[in-house]
Amino acid sequence: MAARLTRAYGAFLADIRGLDVPRACLDVARLGFTDVVGVLLAGQDEPTVACLLDALRADGADGDVPALLGRVRLGASAAALVDATAAHALDFDDFAFSNHPSAVLVPAILAAAARSGADGRRMAISYVAGYEVWCDLFLREPDHYYARGWHPTAVLGPVGAAAAAAVALGLDEEGCTHALALAASAGGGVFENFGTMAKPLHGGRAAASGVSAALLAAAGMR
């Protein structure tokens, strides 16, 4: 069942570029991008972001992908990590189906688009794709994860981010399928981290893991 579901998602992602996406869906995407720009501006100077940047610089994570609205340039996965952490730092980012989708999806899409040159329409469709996969996956679990001590944004976010990044990168059905499968191995985050600097890092790791999975799939990893 799990393999069939992954393949079904991969086919959906490969087909969505040719679909006539409803205007209402694109409006949600537009709002999601706008929301993330706002919360990213508000959270970019939070201590958790400063710590993250210091650690990335010490690790030699320089690159050519803009992060923090152009303040720094990093590798694609690192840019997604920083932007999503900043967007989630104050916890004012949008919330849907017990998850924080936009703070994870938008940074992943921005990083992937910087690699692929995706235009605004492709980026909006990428958001819709990631949102749909993430929401469908979440609704398959009757327990909303909290009761078992898991943070659903951190558990499912990598898969949603990988879906969005795969579409932004223009991966074919096989590539999309493998990106999702790779991202599933990156899911995880405990509720006990809430109230600490690690909480926004859950969103950052989800976005970075999704971008990394999509780039690995594009490079041929299976």
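These lines cover the structure that appears in this document, whether it is placed above or below. As the structure is a prediction and not an experimental result, all values here were calculated from the model. (Residues numbered from 1 in each chain as written. Predicted model: local features only at pLDDT ≥ 70, side-chain atom pairs only at ≥ 80, totals over all residues. Heavy atoms only, no water.)

## Section: the pattern of salt bridges
Logical step 1: For the coordinates displayed, the defined rule picks out nine salt bridges.
Logical step 2: Its salt-bridge partner being R71, residue D45 comes within 3.0 Å of it at the nearest N-O pair. Of this pair, D45 sits in the loop between α2 (23-43) and α3 (47-58) while R71 sits in the loop between β1 (62-67) and β2 (72-74), and the two are 26 residues apart along the sequence.
Logical step 3: Since its relative accessible area comes to 48%, R71 is described here as partly exposed.
Logical step 4: Between R148 and D143 there is a salt bridge; the shortest N-O distance is 3.3 Å.
Logical step 5: Salt bridges here are not isolated pairs; linked through shared partners, they connect R23, D27 and R30. (Salt bridge = Lys/Arg side-chain N within 4 Å of Asp/Glu carboxyl O. Helix = DSSP H or I, 4+ residues; strand = E, 2+ residues; numbered from the N terminus. Buried < 20%, exposed > 50% of the residue type's maximum accessible area, 1.4 Å probe, protein only.)

## Some remarks on the environment of V211
Logical step 1: Assignment of secondary structure puts V211 in helix α9 (residues 198-218).
Logical step 2: According to the relative accessible area criterion, V211 is buried, its value standing at 2%.
Logical step 3: The spacing of V211 and D83 is 128 residues in sequence and 12 Å in space, taken between C-alpha atoms.
Logical step 4: Those residues in contact with V211 that sit more than four places away from it in its chain are A76, S77, A80, A108, A111 and A165. (Contact = heavy atoms within 4.5 Å.)

## Examining the packing of helix α5 (residues 101-116) against helix α7 (residues 152-169)
Two quantities define a packed helix pair, namely the angle between the axes and the distance from one axis to the other.
Logical step 1: Look at α5 against α7: their axes get within 8 Å of each other, and the N-to-C directions meet at 30 degrees. The orientation of α5 with respect to α7, classified from their angle, is roughly parallel. Of the two possible hands of crossing, α5 and α7 adopt the one that is right-handed. In this structure, α5 uses V104, L105, A108, I109, A112, A113, R115 and S116 to contact α7, whose residues at the interface are T153, G157, G160, A161, A164, A165, A168 and L169. (Axes fitted to C-alpha atoms, helices over the stretch in contact; angles between N-to-C directions. Parallel < 35°, antiparallel > 145°, perpendicular 65-115°, else oblique. Left-handed = near helix turned anticlockwise from the far one by under 90°.)

## Structural notes on the pairing of β1
Logical step 1: Both β1 and β2 contribute to a ladder of four bridges, which runs antiparallel. Bridge pairing in β2 places D62 opposite L74.
Logical step 2: Hairpin connection of β1 to β2: four residues between the antiparallel strands, including L68 at a positive phi of 55 degrees. (Pairing = 2+ DSSP bridges.)

## Re a nonpolar patch on the surface
Logical step 1: Side chains of V37, L41 and L69 sit close together on the surface and give an oily, nonpolar patch of about 250 Å² of accessible area.
Logical step 2: Examined against the element boundaries, V37 turns out to sit in helix α2. (Patch = residues over 30% accessible without salt bridge, like charges linked within 9 Å, V, L, I, M, F, W, Y side chains within 5 Å. Areas by Shrake-Rupley, 256 points an atom, 1.4 Å probe, with all protein chains shown as cover.)

## A word on the packing of aromatic side chains
Logical step 1: Counted by the stated rule, this structure contains eight aromatic pairs.
Logical step 2: Between F97 and Y131, the ring centres sit 5.4 Å apart and the planes meet at 85 degrees, which makes this aromatic pair edge-to-face. One end of the pair, F97, is in the loop between α4 (76-88) and α5; the other, Y131, is in helix α6 (residues 120-139), and 34 residues separate them in sequence.
Logical step 3: We classify F97 as buried; its relative accessible area is 18%.
Logical step 4: For the ring pair Y146 and F191, a centre distance of 5.6 Å and an interplane angle of 80 degrees mean the geometry is edge-to-face. Taken together, the positions of Y146 in the loop between α6 and α7 and F191 in the loop between α8 (173-184) and α9 put the pair 45 residues apart, joining distant regions of the chain.
Logical step 5: Linked through ring pairs, F33, F97, Y127, Y131, W134, F138 and Y145 together constitute an aromatic cluster.
Logical step 6: Directly above the aromatic system of F194 lies the positively charged group of K199, at a separation of 4.7 Å from the ring centroid. (Phe/Tyr/Trp six-rings, centres within 6.5 Å; stacked < 30°, edge-to-face > 60°. Lys NZ or Arg CZ within 6 Å of the ring centre and 35° of its normal.)

These results come straight from atomic positions and should not be treated as a statement about function.
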